[in-house]
Amino acid sequence: MSWEGELTTVPLPDFPAGFRWGVSTSAYQIEGATGVDGRGPSIWDTFAREPGRIVDGSTGDEACDHRHRYAEDIALTAGLGVSAYRFSIAWPRVQPGGAGPANAAGLDFYDRLVDGLLAAGVDPVATLFHWDLPQPLEDAGGWLNRDTAARFAEYADLTAARLGDRVKLWITLNEPFIHMTLGYGIGTHAPGRMLLFDSFPVAHHQLLGHGLAVAALRARSTSEVAIANNYSPVRQVGDTDADRVAARAYDALHNRLFTDPLLGRGYPDAPGFDPAVVRDGDLDVIAAPIDVLGVNYYNPTGIRAPEEGSPLPFEMVPLDGYPRTAFDWPVAPDGLRELLGQLHDRYRDALPPIQVTESGCAYDDVPDADGRVHDPERIAYLDGHVRAVHEAIGAGVPVTGYFVWSLLDNWEWAEGFTKRFGLVHVDYPTQRRTPKSSYTWFRDLIRR
Ligand code: FCB
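None of these values were measured; they are calculated from a predicted model. (Residues numbered from 1 in each chain as written. Predicted model: local features only at pLDDT ≥ 70, side-chain atom pairs only at ≥ 80, totals over all residues. Heavy atoms only, no water.)

A. Seen up close, the overall build of the protein chain. If you tally the helices and strands in the protein chain, you get 14 helices and 13 strands. A compact globule built from 448 residues would reach a C-alpha radius of gyration of about 22 Å, and the protein chain, at 21 Å, matches this within 12%. Taking as baseline every contact in the protein chain between residues at least 6 positions apart, the subset at least 24 positions apart corresponds to 78%. Of the roughly 16300 Å² of accessible surface on the protein chain, 52% is carried by carbon and sulfur atoms. Counting 39 positive and 61 negative side-chain charges, the protein chain places the centres of these two groups 4 Å from one another. (Helix = DSSP H or I, 4+ residues; strand = E, 2+ residues; numbered from the N terminus. Rg over C-alpha atoms; globule rule 2.2 N^0.38 Å. Contact = heavy atoms within 4.5 Å. Areas by Shrake-Rupley, 256 points an atom, 1.4 Å probe, with all protein chains shown as cover. Lys, Arg positive; Asp, Glu negative; His and termini not counted. Charge placed at Lys NZ, Arg CZ, Asp CG, Glu CD.)

Shown next as structure tokens:
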């Protein structure tokens with residue numbers, strides 16, 4: 001069945017040969033089967049069990065049951081014609097206690113997954129940390145503890161020893177900014193701590209872990225290495241000097257704190273930055289060359305000066321004039337174009353090729369009477385964002401890939417099962433997968 005577009009009237013432009021089209025997922029959001037293969041507990045197992053943390057009271061215990069249904073999910077991925085599949089490896093499957101030798105049974109699963117992808121003609125792109133820290137490491141302080149960086153490098157080494165010959169692109173961390181702010185700053189994600197700007201050590205230790213992991217991966221694997229950062233172009237609301245200062249502060253925190261040091265510039269002057277945790281030599285470790293910068297983009301952020309007495313040096317304000325997703329996030333493809341241009345302008349020669357490692361939207365998709373899932377809003381969303389990438393390439397920004405978040409509807413962290421991001425609809429009680437019309441649209445785009 002071919003998608004007959006009701007929204008896209010202008011044909012999509014051609015992309016350079018070799019452009020990497022992909023889809024993304026993460027372990028805790030899809031795997032389920034948290035009790036098999038000798039997997040240990042993660043901070044999300046703990047957090048999801050605390051009353052009131054997850055809007056629908058669910059956990060990732062079953063999620064999409066991908067651990068058992070991975071062959072079907074590989075077939076769905078291959079059916080799209082994508083050249084790459086980005087998944088994450090659950091650290092608690094590889095090192096159930098967060099340290100010590102590899103748990104072979106845990107790695108066996110990823111071994112089968114990687115081989116299955118390769119047999120289907122899809123490049124495996126593996127993220128090492130997509131927020132599911134082994135609980136014993138959190139008990140020792142989590143990313144507030146400098147030792148977690150060393151543990152992360154050890155885990156990277158064990159994983160690359162097994163999969164390094166076949167994973168085509170390694171991604172060390174997923175969105176360290178989001179993990180720091182939601183997990184340790186305001187506590188809406190695991191591990192649920194509320195330290196506000198005292199969470200800066202989490203930034204530094206994640207970046208240090210990234211740098212140490214890059215070295216470990218290089219020693220075991222000739223594949224490319226990346227990090228996936230979340231970016232959000234700042235839209236200053238208001239025009240006072242205080243608004244300008246606030247917008248600059250938020251931009252430094254969200255868009256520069258995790259990129260300046262990676263690309264050899266050291267830390268920017270960002271709220272909460274604490275030089276005391278940075279030791280001699282750390283910045284060199286963090287600035288180890290990477291092959292690709294992963295960019296996750298969802299929406300821009302409106303910022304103005306804070307009210308007097310606010311604990312934050314900025315205030316976030318909803319942006320008017322955009323359509324909105326089921327998450328109430330503004331749909332702003334121009335923000336992606338802007339952000340790619342901004343990265344290019346900011347970092348110039350220091351900027352490696354960019355791959356958009358997440359881009360997507362949540363809508364309340366429901367099957368119709370015939371069981372089909374029609375999601376024209378998602379098609380419009382992706383159409384706009386793909387065009388934004390094309391424009392950026394035309395303007396000279398080195399973008400070499402685009403991954404849709406996500407292959408499947410899945411367990412969306414604190415939102416539980418209430419937000420559907422997939423190209424494929426999942427009926428959770430039966431685990432039945434139904435490709436949506438956006439799946440067909442994306443497949444047809446790639447075919448062309
Ligand atoms: C990103 C996360 C991903 C998913 C999407 C919607 O911040 O990396 O796991 O939750 O948002």
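B. Fine view of the nonpolar core. Formed by 126 residues in total, the largest nonpolar core has its most connected members in Trp44, Trp170, Leu293 and Phe442. In terms of residues, this core owes the most to one element, helix H9 (residues 200-220), which gives eight residues. Among the nonpolar cores identified, the runner-up in size contains eight residues, and Ala84, Leu169, Ala228 and Phe403 belong to it. (Core = buried A, V, L, I, M, F, W, Y, C linked by side-chain atoms within 4.5 Å. Buried < 20%, exposed > 50% of the residue type's maximum accessible area, 1.4 Å probe, protein only.)

C. Representation of unusual backbone geometry within the structure. The step from Ala190 to Pro191 runs through a cis peptide bond, and the omega angle for that step is 5°. Relative to the helices and strands, Pro191 resides in the loop between helix H8 (176-185) and H9. The residue after Trp405, namely Ser406, is reached through a cis peptide bond having omega 15°. Here Ser406 lies in the loop between strand S11 (399-405) and strand S12 (424-427). Phi angles above zero are rare outside glycine, and Gln431 is one such case at about 60°.

D. Fine view of empty space enclosed by the protein. In total, this model carries two cavities of 30 Å³ or more according to the counting rule given. In this structure, the largest cavity occupies an estimated 40 Å³ of space. Split into classes, the residues belonging to the lining of the largest cavity amount to three nonpolar, three polar and four charged. Lining the second largest cavity are Thr25, Ser26, Ala27, Ile30, Glu31, His66, Phe87, Ser88, Phe109, Tyr110 and Leu113. Listing elements by their share of the lining of the second largest cavity, those giving two or more residues are helix H1 (27-30), strand S2 (84-88) and helix H5 (104-119). Broken down by element, the lining of the second largest cavity gets its largest block of residues, three residues, from H5. (1 Å grid on protein atoms, 1.4 Å probe; cavity = no way out; pocket = protein on both sides within 12 Å on 5 of 7 lines; lining within 4 Å. Points joined across faces, edges and corners; volume = space filled by probe spheres on them. Nonpolar A, V, L, I, M, F, W, Y, C, P; charged D, E, K, R; others polar.)

E. Representation of the sheet that holds strand S9 (residues 315-317) in the model. Within the open sheet, the three strands sit side by side as S6-S8-S9. Their pairing is mixed. With partners counted over all chains shown, the strands left at the sheet margins are strand S6 (234-236) and S9, one partner each. Here the strands of the sheet are splayed against their neighbours by 45° on average, with no regard to which way each runs. Against the sheet, helix H10 (residues 241-256) touches S6, strand S8 (301-304) and S9, its axis set at about 175° to S6. (Pairing = 2+ DSSP bridges. Axes fitted to C-alpha atoms, helices over the stretch in contact; angles between N-to-C directions.)

F. Representation of the sheet that holds strand S1 (residues 20-24) within the structure. Read around the barrel, eight strands follow the order S1-S2-S3-S4-S5-S7-S10-S11 and close on themselves; strand pairing throughout is parallel. Within the sheet, the average angular offset between the axes of one strand and its neighbour, ignoring direction, is 25°. Of the strand pairs in this sheet, S1 and S11 are connected by five bridges, and their pairing is parallel. Of the residues in S11, the one forming a bridge with Gly22 is Phe403.

G. The arrangement of a nonpolar patch on the surface in detail. Side chains of Ile186, Leu196 and Leu312 sit close together on the surface and give an oily, nonpolar patch of about 220 Å² of accessible area. Position of Ile186 relative to the elements: it lies in the loop between H8 and H9. For Ile186, a relative accessible area of 43% corresponds to the partly exposed category. (Patch = residues over 30% accessible without salt bridge, like charges linked within 9 Å, V, L, I, M, F, W, Y side chains within 5 Å. Salt bridge = Lys/Arg side-chain N within 4 Å of Asp/Glu carboxyl O.)

H. Region of interest: the site of the ligand. Contacts to the ligand come from Gln29, His130, Trp131, Asn174, Glu175, Tyr298, Glu358, Trp405, Glu412, Trp413 and Phe421. Separating an oxygen atom of the ligand from a side-chain N or O atom of His130 is a distance of 2.8 Å. The separation between an oxygen atom of the ligand and a polar side-chain atom of Glu358 is 3.0 Å. Here the ligand has 300 Å² of accessible area as a free molecule, and 96% of this is covered by the chains. The pocket occupied by the ligand, as judged from atoms lying within 2 Å of grid points, is the largest pocket. In terms of residue class, the shell around the ligand is built from five nonpolar, three polar and three charged. (Near = heavy atom within 4 Å. Polar contact = N/O pair within 3.5 Å; in protein donor to acceptor, adjacent residues only side chain to side chain. Sits in = over half its atoms within 2 Å of the grid points.)

I. Representation of the packing of aromatic side chains within the structure. The tally for this structure, following the rule as stated, stands at 36 aromatic pairs. Considering the side-chain rings of Phe129 and Trp143, the 5.5 Å spacing of their centres and the 65° angle between planes classify their relative orientation as edge-to-face. Here the residue Phe129 occupies a position in strand S3 (residues 123-129), and Trp143 occupies one in the loop between helix H6 (135-139) and helix H7 (147-163), the gap between them amounting to 14 residues. Consider the rings of Tyr250 and Phe314, whose centres lie 5.0 Å apart with planes at 80°: the pair is edge-to-face. With Tyr250 in helix H10 and Phe314 in the loop between S8 and S9, this pair connects stretches of sequence that are 64 residues apart. Summarising the burial analysis for this pair, Tyr250 and Phe314 share the class buried. (Phe/Tyr/Trp six-rings, centres within 6.5 Å; stacked < 30°, edge-to-face > 60°.)

J. Molecular detail of the environment of Pro306. Tracing the backbone shows Pro306 in the loop between S8 and S9. The class for Pro306 is partly exposed, based on a relative accessible area of 30%. Placed 15 residues apart in sequence, Pro306 and Gly321 show a C-alpha to C-alpha distance of 22 Å. Excluding residues that lie within four positions of it along the chain, Pro306 makes contacts with Ala246, Leu312, Pro313, Phe314 and Glu315.

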